Structure formats: C-alpha cells, structure tokens
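Coordinates in review
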Amino acid sequence: MHHLRDRGHSHSVPSEITSRAAYEGRRDWLKLVAGGAAGTALASWASRDALAQTARPGKLAPLPGARSPVSGAATMERLTPYQDASTYNNFYEFGTDKDDPAKTAQRLKTRPWTVAVEGEVRKPGTFDIEALLKLAPMEERIYRMRCVEGWSMVIPWVGWSLAELIRRVEPTGNAKFVQFVTLADPAQMPGLRSSVLKWPYVEALRMDEAMHPLTLLTFGMYGEILPNQNGAPVRLVVPWKYGFKSGKSLVAIRFLEKQPKTSWELAGPEEYGFYSNVNPTVDHPRWSQATERRIGEDGLFAKKRATLMFNGYEAQVGQLYAGMDLRRFF
Ligand code: MTE
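Overview of the structure. Quick caveat, the model's predicted, so the values are computed rather than measured.

How each quantity is defined
- Residues numbered from 1 in each chain as written.
- Predicted model: local features only at pLDDT ≥ 70, side-chain atom pairs only at ≥ 80, totals over all residues.
- Heavy atoms only, no water.
- Near = heavy atom within 4 Å.
- Polar contact = N/O pair within 3.5 Å; in protein donor to acceptor, adjacent residues only side chain to side chain.
- Areas by Shrake-Rupley, 256 points an atom, 1.4 Å probe, with all protein chains shown as cover.
- 1 Å grid on protein atoms, 1.4 Å probe; cavity = no way out; pocket = protein on both sides within 12 Å on 5 of 7 lines; lining within 4 Å.
- Sits in = over half its atoms within 2 Å of the grid points.
- Core = buried A, V, L, I, M, F, W, Y, C linked by side-chain atoms within 4.5 Å.
- Buried < 20%, exposed > 50% of the residue type's maximum accessible area, 1.4 Å probe, protein only.
- Helix = DSSP H or I, 4+ residues; strand = E, 2+ residues; numbered from the N terminus.
- Contact = heavy atoms within 4.5 Å.
- Points joined across faces, edges and corners; volume = space filled by probe spheres on them.
- Nonpolar A, V, L, I, M, F, W, Y, C, P; charged D, E, K, R; others polar.

The subject of this paragraph is the site of the ligand. Close to the ligand lie 16 residues, the nearest being Asn 89, Tyr 92, Glu 93, Arg 235 and Lys 248. The side chain of Glu 93 places a nitrogen or oxygen atom 2.8 Å from a nitrogen atom of the ligand. Contacts to the ligand include Thr 182, whose side-chain N or O atom sits 3.4 Å from a nitrogen atom. The fraction of the free accessible surface of the ligand (530 Å²) that becomes covered by protein chains is 97%. The pocket occupied by the ligand, as judged from atoms lying within 2 Å of grid points, is the largest pocket.

Here you go:
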C-alpha cells in the first residue's frame, strides 16, 4: 500500500480499489448515500490495513477509519492543525472561554459510558460505548465545520453515519424528530455552575436530517479517539449546520413525535432557530454570517472567506429544505 502525503495527512490513492467482499458488505449502506457521491466513492475505498497508517498526532489511542465517499467538498481543503482543533473549543460544560475545555475536560470520565436510545422506536435500549464502537465500520470523514460565531475548521472525523444506528432501533411511524441529550454532571463539569444555558445541553434534528448519510456519530478525529474537549467518547457532527447542533458527550438519543426545544433556542429564540443551517444570507441578529475566519490558517488581518450555503454541502442536503422559507425556518 502506498499513500499520497498531503499537508501532513495521508490519503489513499485511487488505485486502492476495494475488494469484492468489502464492497458487498458495504452495499446496503451505500444505498443510503445520497446523490452522486457513491459513484465516485467505490474507487477510493481503501483497505483497513492502509488506513491503520493514517497520520495522527500520537496523543491518544488510535482509531482509524476507512476513507469515506461521503465527506464531500471539504476533502480537498487543508486540514486544521490538531493543536488548534483541540484547544479552540466550545464546550460550555467546561467553561465559556475557548481554551477552558482543553484545560478542564481532562477530568471527564469517559468509561464506563452508555448511550440510551429511547422514545418512538421498536427496539429501545442502552448501548455500551464498546458496543457502539463496533456497531458499524469506522470511516474517516473530512468535514468543514462552521461555528455561528464566524469561524471555521476542517477536521478529519472518525465515526459512522447515525443512520446505521437509527435503522437498527427501528423508529415507529410517530418518530418525527431525534433529540440528542448530552452529559450534565456537576461533579465533573465546572461550567454547570453557570446559567448561561439550561443543562443538559440538548439538540435535535428532524428525522430526515438525522438519517442523512452526512450526519456522523463521531468517536474520533485525526485517526485517534476524541479528546475529551472535542466531545469524548461520542458526539454528533452535522457538517451543514452551525457547530452548536453537534452535541458533545452524548448520553441519550430520543425519538420524538413533536419538535423539541433546543438549549440554544431556549437561551435566545431570536438568535438561534431549530434548523440552524449554515446560511450566509440570514444574518445573526447581532452580526453578519456572510464570511468566516479559518482557524489556524488565517492571521488576524487575513481576508475572511465567503461562507457557503449549507456550509458547502448544498448539493447533498439542499433537497431536505426544498420549498421551505429559510428566513422563517432559520
Ligand atoms: N456540546 C455540548 N455538550 N456543549 C457545548 O457547549 N458547543 C457546540 C458544539 N457541541 C457544545 C456542544 C458548539 S457552539 C460548537 S461550535 C461545537 O460543539 C464545537 O466543537 P469542537 O470544539 O469539536 O470544534
């Protein structure tokens, strides 16, 4: 196996065509892949062996993933340095300054850990983190992340499509929304003393958004398990929405009939809507959303980048919102 090294990260080359067996195993899953991504994908699947060598910072236990076709546009972009991605964080349970989580999340105990799957499903249950790690093949997805605060990063996440879990628990016909509940433990999380948000931090997606193959249940980044400050041991990553939709350190996933309120909606209903799709044409009431600053790359005086509709994932997710007034449903 050989790799193309590009800006410190290794990529499998197109000649690494998947074996027939691996392809067969993934075929069901590929049916879920929206649009044209799957066609070009097959040529770029790499073997597990090759991916075990994925470049990583060597700080935490390795968690390699097969290179995924679902990453979309961001795969050609320069990765944000691990150092920036792991020290410039929003995780209010550990403090509201960007460097607080890297300092105080070390005390978070990520084992034992379970995620309860509840509500409108035929097969509810409590999943141990070790079982979740094995539930579906790990993939590496290079996603652009855009925070509502006007900065962005490009991060190689490791996980599998949330749809894998959703299909296994068999949602009932009443399941219209999926709520994500994160840990709220005052003994481990000093930020809970603040009333900046209502705890636990909760987020939610519409069922079709949750089922979209881009929606990633995430266990790692940069070829390793997640650092605590990035949401260990398991978080969500929804790349076409502002970062706050991507809840960290999940303890429950609930299938609901009615649209639930989210923590940020409760904190500021005029500022943070349920949908929270990255949309450069809908300003935050206090600032423009038309541009963004790329963390780790741009200097203080560097030109900002134009923010892309749906964070650049419009071809994949635009149809989910066809006919909706995105100014009303922001
Ligand atoms: N999840 C929890 N539980 N608590 C939080 O404060 N912040 C959100 C999101 N998930 C947050 C959270 C916000 S505002 C952003 S931008 C992303 O996490 C940041 O993820 P990152 O630090 O891995 O880049």
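A few words on the nonpolar core. Leu 165 and Phe 255 are the most contacted members of the largest nonpolar core, which totals 81 residues. No other element matches strand 7 (residues 151-161), which puts 7 residues into this core. Leave out the neighbours within four places in its chain, and Leu 165 touches Val 117, Phe 127, Leu 132, Leu 135, Trp 160, Leu 217 and Ile 253.

What follows covers the side chain of Thr 110. Locating Thr 110 in the fold gives a position in the loop between helix 5 (100-104) and strand 4 (114-119). Excluding anything up to four places from it in sequence, Thr 110 contacts Asn 228, Ala 232 and Pro 233.

With that out of the way, let us pick up the layout of surface pockets. Within this model, the largest pocket holds a volume of roughly 480 Å³. Contributing to the lining of the largest pocket are 29 residues, with Asn 90, Cys 147, Trp 151, Gly 243 and Phe 244 lying nearest its centre. Counting residues per element, the ones that place at least two in the lining of the largest pocket are strand 6 (139-146) and strand 7. Here the element with the most residues in the lining of the largest pocket is strand 7; it accounts for 4 residues. In the lining of the largest pocket, the residues fall into 17 nonpolar, 7 polar and 5 charged.

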